[in-house]
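# Observations on the three-dimensional arrangement
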4 protein chains.
Amino acid sequence: MHGSDFEDLVNKFMKFPGIGPRQARRFVYFLLAQDRIFRTDFIKTLEGLNAQAKQCSRCAYFFVGGLNQNLLCGRCQSPDTDKSILMIVEKDMDIDNIVKTGTYKGSFFVLGSLKNKTLKRLGLLKKIITKEGQTSQLKEIIIAFSASTDGDQMDHLLKIELKPLALKHNLKLSSLGRGLSTGVELEYSDAETIASALLGRH
Amino acid sequence: MHGSDFEDLVNKFMKFPGIGPRQARRFVYFLLAQDRIFRTDFIKTLEGLNAQAKQCSRCAYFFVGGLNQNLLCGRCQSPDTDKSILMIVEKDMDIDNIVKTGTYKGSFFVLGSLKNKTLKRLGLLKKIITKEGQTSQLKEIIIAFSASTDGDQMDHLLKIELKPLALKHNLKLSSLGRGLSTGVELEYSDAETIASALLGRH
Amino acid sequence: MHGSDFEDLVNKFMKFPGIGPRQARRFVYFLLAQDRIFRTDFIKTLEGLNAQAKQCSRCAYFFVGGLNQNLLCGRCQSPDTDKSILMIVEKDMDIDNIVKTGTYKGSFFVLGSLKNKTLKRLGLLKKIITKEGQTSQLKEIIIAFSASTDGDQMDHLLKIELKPLALKHNLKLSSLGRGLSTGVELEYSDAETIASALLGRH
Amino acid sequence: MHGSDFEDLVNKFMKFPGIGPRQARRFVYFLLAQDRIFRTDFIKTLEGLNAQAKQCSRCAYFFVGGLNQNLLCGRCQSPDTDKSILMIVEKDMDIDNIVKTGTYKGSFFVLGSLKNKTLKRLGLLKKIITKEGQTSQLKEIIIAFSASTDGDQMDHLLKIELKPLALKHNLKLSSLGRGLSTGVELEYSDAETIASALLGRH
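Going along each chain's sequence as written, the residues are numbered from 1 onward. Chain labels run from A onward and ligand labels from 1 onward, assigned in the order the entries are written. Thresholds applied to this predicted model are a pLDDT of at least 70 for local features of residues and 80 or more for the giving and counting of side-chain atom pairs; totals over whole chains, interfaces and linings are not thresholded and use all residues. The side-chain figures draw on all heavy atoms in the structure; neither hydrogens nor water molecules are used.

Turning to the interface of chain B and chain D, a few remarks are in order. The contact definition used throughout considers only heavy atoms, calling two residues in contact when any of these lie within 4.5 Å. Listed by partner, the interface residues are 4 residues for chain B and 4 residues for chain D. When two parts are put together, the accessible area they lose, computed with a 1.4 Å probe and summed over both, is reported as buried area. At the boundary of chain B with chain D, total buried surface from both sides reaches about 420 Å², with 25% on carbon and sulfur atoms. The working definition used for a salt bridge is a side-chain nitrogen of Lys or Arg within 4 Å of a carboxyl oxygen of Asp or Glu. Counting across the interface, chain B meets chain D through 2 salt bridges. The partner of Arg-26 of chain B in a salt bridge is Glu-187 of chain D, and the shortest N-O contact between them spans 2.7 Å. We define a polar contact as two N or O atoms separated by no more than 3.5 Å, with the added condition that, inside protein, one atom must be a possible hydrogen donor and the other a possible acceptor, whereas residues neighbouring each other in sequence contribute only through side-chain atom pairs. Summed over the shared surface of chain B and chain D, the number is 6 residue pairs in polar contact (both at pLDDT 80 or more). Looking at side-chain class alone, the side of chain B that touches chain D contains 1 nonpolar, no polar and 3 charged residues. Note on residue classes: Ala, Val, Leu, Ile, Met, Phe, Trp, Tyr, Cys and Pro are nonpolar, Asp, Glu, Lys and Arg are charged, and everything else, Gly too, is polar.

Below is the structure:
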């Protein structure tokens, strides 16, 4: 009962993360039910984003960067960022979550995941480590992936890939500590978590 | 670390049904990570939808209706639709689901819910019933709301509101039957469902 | 670190419906942590139950029936039970739930499920229908299984198995009505439920 | 429709951890549906447990200890247990889980939780620490509670309560390390977990 534009938009929303066919339809009906002003405004915001969308040339973070030619994100430009320490994460949302906690002031690099086949960024990461390691600016690299099977594989791979560079430029190379996360019960913890929690007792 | 366009779009996505702040951000990052072609194409589809978005003047269904002046949806225009029976539903998605089952060939009316305060459509509904009742085209009205507290209230309200019209134009006025839905276990069924299932035994 | 009695009891609790190894252990620790009076009392209640456990010779319901020789459950004995109508259910808990609703005053028969291979009771059921049909006491049989795949199979099987008896003794043979169960949303209902709800509109 | 023994047993099962009224009934029906041999055997196992149920006089662990007078559990008696280290946990199941991982060979003490008001055991714990600290057998105490609000309160309380004893007998007093538990995603981690994971990087 719908023209192709309806189904076309449903299909596009189905590409959004976590959105199935039912919710995609719900989105289109939601848009149809709004007044024209809401839709026009939504389109305008998207156009603004499209015009200013950038990926940081140093840390691969996506950002909305204005209309100038600058390709460094705010964090990579800022003098307040501690450039002696570099944290490698899977995705942009990880950075947002870590920054929000206020416990880390260093720089980042968004590597992607094995699943997303974004390992082409590994070459870029090595270049940046080499460059910042040579100037003695960089002192430490933290590999910060989730405690999942994918995250563990990535951690293992990066330890192997980055060790030569770390030795050459005298960089500390570490991974996030394991233990009991907030909310986790001892009764349900696995051997690795308990072993890490014992090792990391303080 | 983001400009106002980023946060602006996050806020707009948070108005979409079922979308919280975290998923709204994920959507914006998703759009930033796509290539410009995807985004431009997405915007174009939205513009097409915006230009053609219509609400049916008879049944209040939202549809994408081309650029002409026609304000009747395909179903209300079609000679294949059985105009002798009218089903009143809460929302567009209900129609899609009922149509998909292939068990109903009649016409619809989208009334909205008590929550959404769209009861202003009740006046429109009454006008349509009066008009189609006078021409003797309409024979039956089915009130088809969910078996929830809200749906039951609506059912009750409509029975009262529509009874005079049904009497005047000699229309059958009914509600969807209750009983065991597919997947429901007897052990966990409430008194009303069991009573209805007993009454409706066949 | 535990003797065989501990593990023995864990294994026995794991046979209880819905109990996995972790909860079975939790039960044993719970019992160990109670004082001796609680445990002795628990054992005594179990012994009482064991001495008086009976299965009704007419409806196959399990009950705690005192130390006498009577093998009819209270419902089958009671003059308040409407013997003109017989409802066939899967399990004892279904009876408890239906009785609780107060909408049914007839008699029952617990047949079991295809999964539990208790179809040996089918022979007993036929004998009872024959006997009560001959005396013209019985007028109607209601097949009351859950609206699940298993329940539907059972319903289908019983319709075939009981039809000859129903014809012979002039008994009405019906199944519970389908439709919207309390709490079910129209948007998520399947074709069968919607078709039944339409058919059963009132 | 059931005698008092039925309801009595339902009520007793409702005292078991995690068991509501419906599952308690299901348990009684399950027992009624078993043959007499199963029930008699179940009762016998319970009687054996009741006769031999003991609580270790050193670590407060519940165990099935035979009919002799020995009030020490197997772990507290064993020469393989490392008596130089004592781990304080909330409940017996925590010990089982930690032992299962094979990463800890020391002794335990089951303190209970604030909720269960079993803090009367705190006096016993202090006596044991004093006694084993005086003989220089004990070198370290690990406070091992879940990473929950209750667990954190307990950890805080024990740090205060045990500090004087630890100083007096020169004992190391530590808590389990925090960090990313297996399966935990960085994107969803809270500030405390991230801070701990950063601090514990290795």
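Now, onward.
All names here are of chain A. We call a residue buried when its accessible area falls under 20% of the maximum for its residue type, exposed when it is over 50%, and partly exposed in between, using a 1.4 Å probe and counting protein chains only. Secondary structure counts use DSSP, requiring at least four H or I residues in a row for a helix and at least two E residues in a row for a strand, with both numbered from the N terminus. Burial analysis of strand E4 (residues 106-110) places 5 of its 5 residues in the buried class, the great majority of the element. The pairing of strand E3 (residues 82-89) with E4 spans 5 bridges and is parallel. Bridge pairing in E4 places Ile-88 opposite Phe-109. Handedness of a crossover: with both strands directed away from the viewer, a clockwise path from the first strand across the helix to the second marks it as right-handed. Viewed along the sheet, the connection from E3 through helix H5 (residues 92-101) into E4 turns out right-handed. Strands qualify as paired when DSSP identifies two bridges or more between them.

Each Phe, Tyr or Trp ring (for Trp, its six-membered ring) is paired with any other whose centre lies within 6.5 Å, and the angle between the two planes then decides the class: stacked below 30 degrees, edge-to-face above 60, tilted in between. Evaluated as defined, the whole model comprises 50 aromatic pairs over all chains. Judged by centre distance (5.1 Å) and plane angle (90°), the ring pair of Phe-27 of chain A and Phe-16 of chain B falls under edge-to-face. Taken as a pair, Phe-27 of chain A in helix H2 (residues 21-33) and Phe-16 of chain B in the loop between helix H1 (4-13) and helix H2 (21-33) lie in two separate chains rather than in one. Overall, the relative accessible area of 0% leaves Phe-27 of chain A in the buried class. With relative accessibility at 2%, the residue Phe-16 of chain B sits in the buried group.

Turning our eyes to something else, we now look at the side chain of Ser-146 of chain B. Locating Ser-146 of chain B in the fold gives a position in the loop between strand E5 (140-143) and helix H7 (149-168). The class of Ser-146 of chain B is buried, set by a relative accessible area of 5%. Here the side chain of Ser-146 of chain B touches Leu-186 of chain C through a polar contact of 2.9 Å, landing on its backbone nitrogen. In this structure, Ser-146 of chain B is in contact with Gly-151 and Asp-152 of chain B together with Val-184, Glu-185 and Leu-186 of chain C, ignoring residues within four places of it in sequence.

Below, the discussion takes up the relation of the copies chain D and chain C. Mapping chain D onto chain C is achieved by rotating through 180° and translating by 0.0 Å along the same axis, at an RMSD of 0.0 Å. The transformation just described matches what one would write down for a two-fold rotation axis. Distance from the rotation axis, computed per C-alpha, reaches its smallest value in chain D at Ile-43 of chain D: 3.2 Å. Residue by residue, 100% of the interface of chain D is reproduced at the interface of chain C, so both copies engage with the same surface. The superposition of copies rests on a least-squares fit of C-alpha positions from residues with pLDDT of 70 or more in both.

With that settled, the discussion passes to the sheet that holds E3 of chain A. All names here are of chain A. The 4 strands are arranged E4-E3-E5-E6 in an open sheet whose pairing can be described as parallel. Each edge of the sheet is formed by a strand with only one pairing partner; in this case those strands are E4 and strand E6 (172-175). On average, each strand axis in the sheet is tilted by 25° relative to the strand beside it, whichever way the strands run. Note that strand E5 (residues 140-143) and E6 share 4 bridges and pair parallel. Residue pairing in the sheet places Ile-141 in a bridge with Leu-173 of E6. The strands that H5 touches are E3 and E4; relative to E4, the one it contacts most, it runs at about 160°. A fitted line through C-alpha atoms serves as each axis, taken over the contacting stretch for helices, and the angle formed by two N-to-C directions is quoted from 0 to 180°.

In short, geometric facts, not functional conclusions.
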